[in-house]
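Here is how the chains run, residue by residue.
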Amino acid sequence: MIYTLTCNPALDYLMQVDDLRLGETNRSGKDLFRFGGKGINVSAVLSRLGVETTALGFVAGFTGDALCRAVCAAGIPADFIRLTKGHTRVNVKLQGACETEINAAGPTIPADALTALYGKLSALTMGDTLVLAGSIPASLPQDLYGQIMALLSGRGVRFVVDATGEQLLCTLCHKPFLIKPNRRELEGLVGRSLSDDASLVNAARQLQDKGAENVLISLGGEGAMLVDAAGRVRRVPALTVEVTDTVGAGDSMVAGFLAGYPQGSDYALRLANAAGAATAASAHLATREKIEELLR
């Protein structure tokens, strides 16, 4: 079973505003709500690829109810912890000539909710995979992912971490199976500019020296690179698609890699690349049919 953890999920409210004027009344050409959160996105694509998964996280208030309904309607198995106070955050995304995002902070996570999460995680065992994805709310320890990995150490659980900065770095000593930075995130982790493939490989190996096994680097319009646990380097070019929305493309890559890994890391990289491109070419997250089309 592949479990995903999203500590601060959201409802994303997308509004099309072609000419945003500050200080004036603006009208949206179209708008829609959709569920958001990196771990939830991973579970969504895994589920569409026929992989058994469960999304974990915290929800609160009437916005949490709406998130749960959306996740259920999308056919994503979930086991969220409900908070008694606060509201699941709503992130506003204004789309026009350029995209402007306003992301809310989200609810405070109390100690008893964190204890409940540890209780759910304690059921994970040999052969399970746990994807730790996205930012950690300010009300939780910022080394939470490392603490979770320490808690489950020795159980044969495989860890995937898709986070940034110190929230990722503190997990490397626990030897995550997979990390997935993009170029900008990788530059932040190693503290230098990465302008070519050789510098990307060197940076990936620097993180492997600290404990990461497989490093999957998403490169947007330049494709993707994998430096695997055996030290081999593979590079795939970007697939030619008409980009609609890149939100969730990196999460889809994680899902594709995990779904394809039982058939080897080469296939996993190809499937990751196809899944990321399929989401970028879709209004939200990729369908199985679109992923398989691009994989061919």
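Look above for the structure.
The structure reproduced in this document is the subject of the present report. Bear in mind the structure is a predicted one, so any value in this text is a computation, not a measurement. (Residues numbered from 1 in each chain as written. Predicted model: local features only at pLDDT ≥ 70, side-chain atom pairs only at ≥ 80, totals over all residues. Heavy atoms only, no water.)

Digging into the overall build of the protein
Counted only if it meets this: Helix and strand labels come from DSSP, where a helix needs a run of H or I of at least four residues and a strand needs a run of E of at least two; each type is numbered from the N terminus. Here the globule rule is a power law, 2.2 Å times the number of residues to the power 0.38, and the radius of gyration is based on C-alpha atoms. Methods summary: accessible areas were calculated by the Shrake-Rupley approach with a probe of 1.4 Å, and residue burial reflects only the protein chains presented. Residues scored as positive are Lys and Arg, those scored as negative are Asp and Glu, and His as well as the terminal groups of each chain are ignored. By convention, charge coordinates are those of NZ in Lys, CZ in Arg, CG in Asp, or CD in Glu.
The secondary structure content of the protein amounts to ten helices and 13 strands. Its C-alpha radius of gyration of 19 Å places the protein within 12% of the 19 Å reference for a compact globule of 296 residues. Carbon and sulfur atoms make up 51% of the accessible area of the protein, which totals about 13100 Å². Considering the protein, the positive charge centre built from 28 side chains and the negative charge centre built from 30 side chains are found 2 Å apart.

Section: helix α4 (residues 144-151)
Each α-helix turn comprises 3.6 residues. Residues three or four places apart therefore point the same way. Under the convention used in this document: Three labels apply to residues, based on accessible area from a 1.4 Å probe with only protein chains included: buried if under 20% of the type maximum, exposed if over 50%, partly exposed otherwise in between. The contact rule is simple, with two residues in contact once any of their heavy atoms fall within 4.5 Å.
Buried residues of α4: L144, Y145, G146, I148 and M149, and no others. Turning to α4, the residues buried within the fold contact β1 (2-6), α3 (111-121), β8 (129-133), β9 (158-162) and α5 (165-169).

What to know about unusual backbone geometry
Residues other than glycine seldom take positive phi values, yet K175 does so here, at roughly 55°. Looking at the element boundaries, K175 is found in the loop between α5 and β10 (178-179).

Quick notes on the nonpolar core
Spelled out, the test is: As used in this record, nonpolar core signifies buried Ala, Val, Leu, Ile, Met, Phe, Trp, Tyr and Cys residues forming a set joined through side-chain atoms within 4.5 Å.
If you look at the biggest cluster of nonpolar residues, it comprises 45 residues, and the most contacted ones within it are L5, F58 and L130. Once you skip the residues sitting within four places of it in the chain, L130 turns out to touch Y3, L5, L121, L124, I148, L152, V157, R158, F159 and V160. In this structure, F35, L67, A259 and L295 belong to the second largest nonpolar core, which totals 43 residues.

Some thoughts on the packing of aromatic side chains
Our working definition: Put simply, two rings from Phe, Tyr or Trp (the six-membered ring, in Trp's case) pair if the centres are within 6.5 Å, and we call them stacked under 30 degrees between planes, edge-to-face over 60, tilted for the rest. Note on criteria: charge over ring means Lys NZ or Arg CZ within 6 Å of the ring centre, with the direction from the centre no more than 35 degrees off the ring normal.
Applying the stated criterion to the full structure yields four aromatic pairs. Relative to F33, the ring of Y13 has its centre 4.4 Å away and its plane inclined at 10°; by these criteria the two rings are stacked. One end of the pair, Y13, is in strand β2 (residues 10-16); the other, F33, is in strand β3 (residues 31-36), and 20 residues separate them in sequence. By way of ring pairs, the aromatic residues F177, F257 and Y261 are connected into one cluster. Positioned above the aromatic ring of F177, the side-chain terminus of R158 is 4.5 Å from the ring centre.

Section: the environment of Y118
Locating Y118 in the fold gives a position in helix α3. Note: C-alpha distance between Y118 and D65 (53 residues apart in sequence) is 22 Å. Among residues more than four places away in sequence, those in contact with Y118 are L144, Q147, I148 and L151.

Notes on the pattern of salt bridges
As a reminder, the rule being used: What makes a salt bridge here is a side-chain nitrogen of Lys or Arg within 4 Å of a carboxyl oxygen of Asp or Glu, nothing more.
Scanning the entire structure with this criterion turns up 15 salt bridges. Between D228 and R234 there is a salt bridge, with the nearest N and O atoms lying 2.8 Å from each other. Grouping residues by exposure puts D228 and R234 together as buried. The network of salt bridges with shared partners includes R183, D197, E222 and R235.

Section: the sheet that holds strand β11 (residues 214-218)
Selection criterion: Strand pairing requires that DSSP identify at least two bridges connecting the strands. With axes taken as lines fitted to C-alpha atoms, and helix axes fitted only over the stretch in contact, angles between N-to-C directions fall between 0 and 180 degrees.
Taken in spatial order, the nine strands line up as β5-β4-β1-β8-β9-β10-β11-β12-β13 in an open sheet, and their pairing is mixed. Here the strands that pair on one side only, and so sit at the sheet edges, are β5 (78-83) and β13 (233-236). Where β1 lies against strand β4 (residues 53-60), five bridges are found, and the strand directions are parallel. When the sheet's bridge partners are listed, L5 is paired in β4 with L56. Sheet strands in contact with helix α7 (residues 197-209) are β10, β11, β12 (224-227) and β13, and its direction is about 40° off that of β12. Packed on one face of the sheet, helix α8 (residues 249-260) meets β1, β8, β9, β10, β11 and β12 and runs near 160° to β9.

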